[in-house]
Amino acid sequence: MLDAQTFTDENVIEISNEKLIPLKIDTDSEYGMELFQKYNGHALPLILFINKDNNEIDRFYGYLPPYEFIIKIENALNNTNSFSDYLGKYNGGNHSSELIKLLADKYSDKGEHDKAISLFNELLISSNQSKNDNEYAKYAIATLELKKYNTEAIKQYLKENTESSFYKTAINDYTSYLNRNAWKMAELDSSLNDALDKINTGLSLIDDTNQSYPYLLDTKAEILWKLNKDKEAIKIIEEAIMLDPTSAYYKDQKEKFLDSNH
């Protein structure tokens, strides 16, 4: 989308060539992956604005239409509404709840989870925090701890914040985390019983109306198959097929299980 719509826009090209030194780096290359890891990237596409001293001014992830992309460029050029702008104001003594939240989110985007958590904890004790600020800070801390592989925080959050407007989002974050880890363990053929526990926990948190439910069923089926429980694996993948009958992948999984020599 960026290549097709944004980077081909005449206004984006003009301001980029006049004001920036634009570089596009493929993360599939060794050099590209090194840079991606150096800057703690966690999604693609990643757009970074770096100054002449190699300091990060700002970043964002994903697609933006041309007019929004130009606003990001102008903000970076003017050091407005950027990471460096917020950090400068914070270090200058502005500790308003609004700024703390904005800066914490920027640190989260940068992959600096401990700094983000520290700011969100500061937000929780801020005298001018709103109800939404409070709910968001608690949610953010729990999910940031999850990125550090600490699951206790998200468990506690889900136990204590069932009425929060961020509760369902936190459920999805946790189930995605469990699914990713369980699938990785299945790929590595490692600690499969633990992987099964993880995916069962994920399935217990949602129901079959959740769009992620068949993904988790597929992971469970894969784990069962790796445990030589072919009949159980087939039963589970059939549930995924019932929920998404158009998926050729789930049908291929079923054929794999049926053809197994386990």
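Overview of the structure.

### So, the overall build of the protein
Here's step 1: A tally of regular secondary structure across the protein gives 14 helices and two strands.
Here's step 2: Within the span of the protein, comprising 262 residues, buried residues form 42% of the whole.
Here's step 3: Long-range pairs, those at least 24 residues apart, make up 48% of the contacts in the protein between residues at least 6 apart in sequence.
Here's step 4: Carbon and sulfur atoms provide 48% of the accessible area of the protein, an area that totals close to 15200 Å².
Here's step 5: Side-chain charges in the protein split into 29 positive and 44 negative, and the spacing between the mean points of these groups amounts to 4 Å.

### Some thoughts on the environment of Ser-84
Here's step 1: Looking at where Ser-84 falls in the secondary structure, it is placed in helix H5 (residues 83-91).
Here's step 2: When the C-alpha atoms of Ser-84 and Leu-23 are compared, they prove to be 21 Å apart, with 61 residues separating the residues in sequence.
Here's step 3: Non-local contacts of Ser-84, meaning those with residues more than four positions away in its chain, are made with Ile-57 and Asn-79.
Here's step 4: Of note is the side chain of Ser-84, whose polar atom sits 2.4 Å from the side chain of Asn-79.

### Things to note about the nonpolar core
Here's step 1: In this structure, Phe-120 and Ile-223 are the most contacted members of the largest nonpolar core, which totals 54 residues.
Here's step 2: Once you skip the residues sitting within four places of it in the chain, Phe-120 turns out to touch Ala-104, Asp-105, Tyr-136, Ala-137, Ala-140, Ile-141 and Leu-144.

### Thoughts on the environment of Ser-127
Here's step 1: Within the secondary structure, Ser-127 sits in the loop between helix H7 (113-124) and helix H8 (131-147).
Here's step 2: The exposure class assigned to Ser-127 is exposed, which follows from its relative accessible area of 81%.
Here's step 3: Linking Ser-127 and Ser-96, residues 31 residues apart in sequence, is a C-alpha distance of 8.8 Å.

### Re the pairing of strand S1 (residues 46-50)
Here's step 1: Bridge analysis of S1 against strand S2 (residues 56-61) gives five bridges, and the strand direction is antiparallel. The residue bridging Leu-46 from the neighbouring strand is Tyr-61, located in S2.
Here's step 2: If you look at the hairpin formed by S1 and S2, you'll find five residues sitting between the two strands, and Asn-54 has a positive phi there, around 70°.

### Focus on the pattern of salt bridges
Here's step 1: Across all of its chains, the model carries 14 salt bridges by this definition.
Here's step 2: A salt bridge links Glu-152 to Lys-155, with the shortest nitrogen-to-oxygen separation between them at 3.5 Å. Residue Glu-152 and its partner Lys-155 are both found in helix H9 (residues 152-160); the two are separated by three residues, about one turn of the helix.
Here's step 3: Each member of the salt-bridge network shares a partner with another, and the members are Glu-56, Arg-59, Lys-110, Glu-112 and Lys-115.

### Remarks on the packing of aromatic side chains
Here's step 1: Applying the stated criterion to the full structure yields 11 aromatic pairs.
Here's step 2: On the basis of an interplanar angle of 45° and a centroid distance of 6.3 Å, the ring pair of Tyr-136 and Tyr-139 is categorised as tilted. Remark: Tyr-139 and Tyr-136 occur in helix H8; sequence separation between them is three residues, near one turn of the helix.
Here's step 3: Of the residues examined, Tyr-136 reaches a relative accessible area of 17% and is grouped as buried.
Here's step 4: Accessibility expressed as a relative area gives 12% for Tyr-139, which makes it buried.

### Focus on H5
Here's step 1: Among the residues of H5, Phe-83, Asp-85, Tyr-86 and Tyr-90 are the ones counted as buried. One side of H5 holds all its buried residues, which, seen down the axis, span an arc of 165°.
Here's step 2: On its buried face, H5 is in contact with S2, helix H6 (97-109) and H7.
Here's step 3: Of the residues one or two after H5, Gly-93 is the one with positive phi, at around 110°.

### Side note on unusual backbone geometry
Here's step 1: Put simply, Leu-44 and Pro-45 share a cis peptide bond, and its omega is -5°.
Here's step 2: Structurally, the position occupied by Pro-45 is in the loop between helix H3 (30-38) and S1.
Here's step 3: For Asn-54, which is not glycine, the phi dihedral falls at a positive 70°.
Here's step 4: In this structure, Asn-54 sits in the loop between S1 and S2.
Here's step 5: Taking relative accessible area as the criterion, Asn-54 reaches 44% and is therefore assigned partly exposed.
Here's step 6: Of note in this structure, Asp-189 is not a glycine but carries a positive phi near 55°.

Conventions adopted
Residues numbered from 1 in each chain as written. Predicted model: local features only at pLDDT ≥ 70, side-chain atom pairs only at ≥ 80, totals over all residues. Heavy atoms only, no water. Helix = DSSP H or I, 4+ residues; strand = E, 2+ residues; numbered from the N terminus. Buried < 20%, exposed > 50% of the residue type's maximum accessible area, 1.4 Å probe, protein only. Contact = heavy atoms within 4.5 Å. Areas by Shrake-Rupley, 256 points an atom, 1.4 Å probe, with all protein chains shown as cover. Lys, Arg positive; Asp, Glu negative; His and termini not counted. Charge placed at Lys NZ, Arg CZ, Asp CG, Glu CD. Polar contact = N/O pair within 3.5 Å; in protein donor to acceptor, adjacent residues only side chain to side chain. Core = buried A, V, L, I, M, F, W, Y, C linked by side-chain atoms within 4.5 Å. Pairing = 2+ DSSP bridges. Salt bridge = Lys/Arg side-chain N within 4 Å of Asp/Glu carboxyl O. Phe/Tyr/Trp six-rings, centres within 6.5 Å; stacked < 30°, edge-to-face > 60°. Arc of directions from axis to C-beta.

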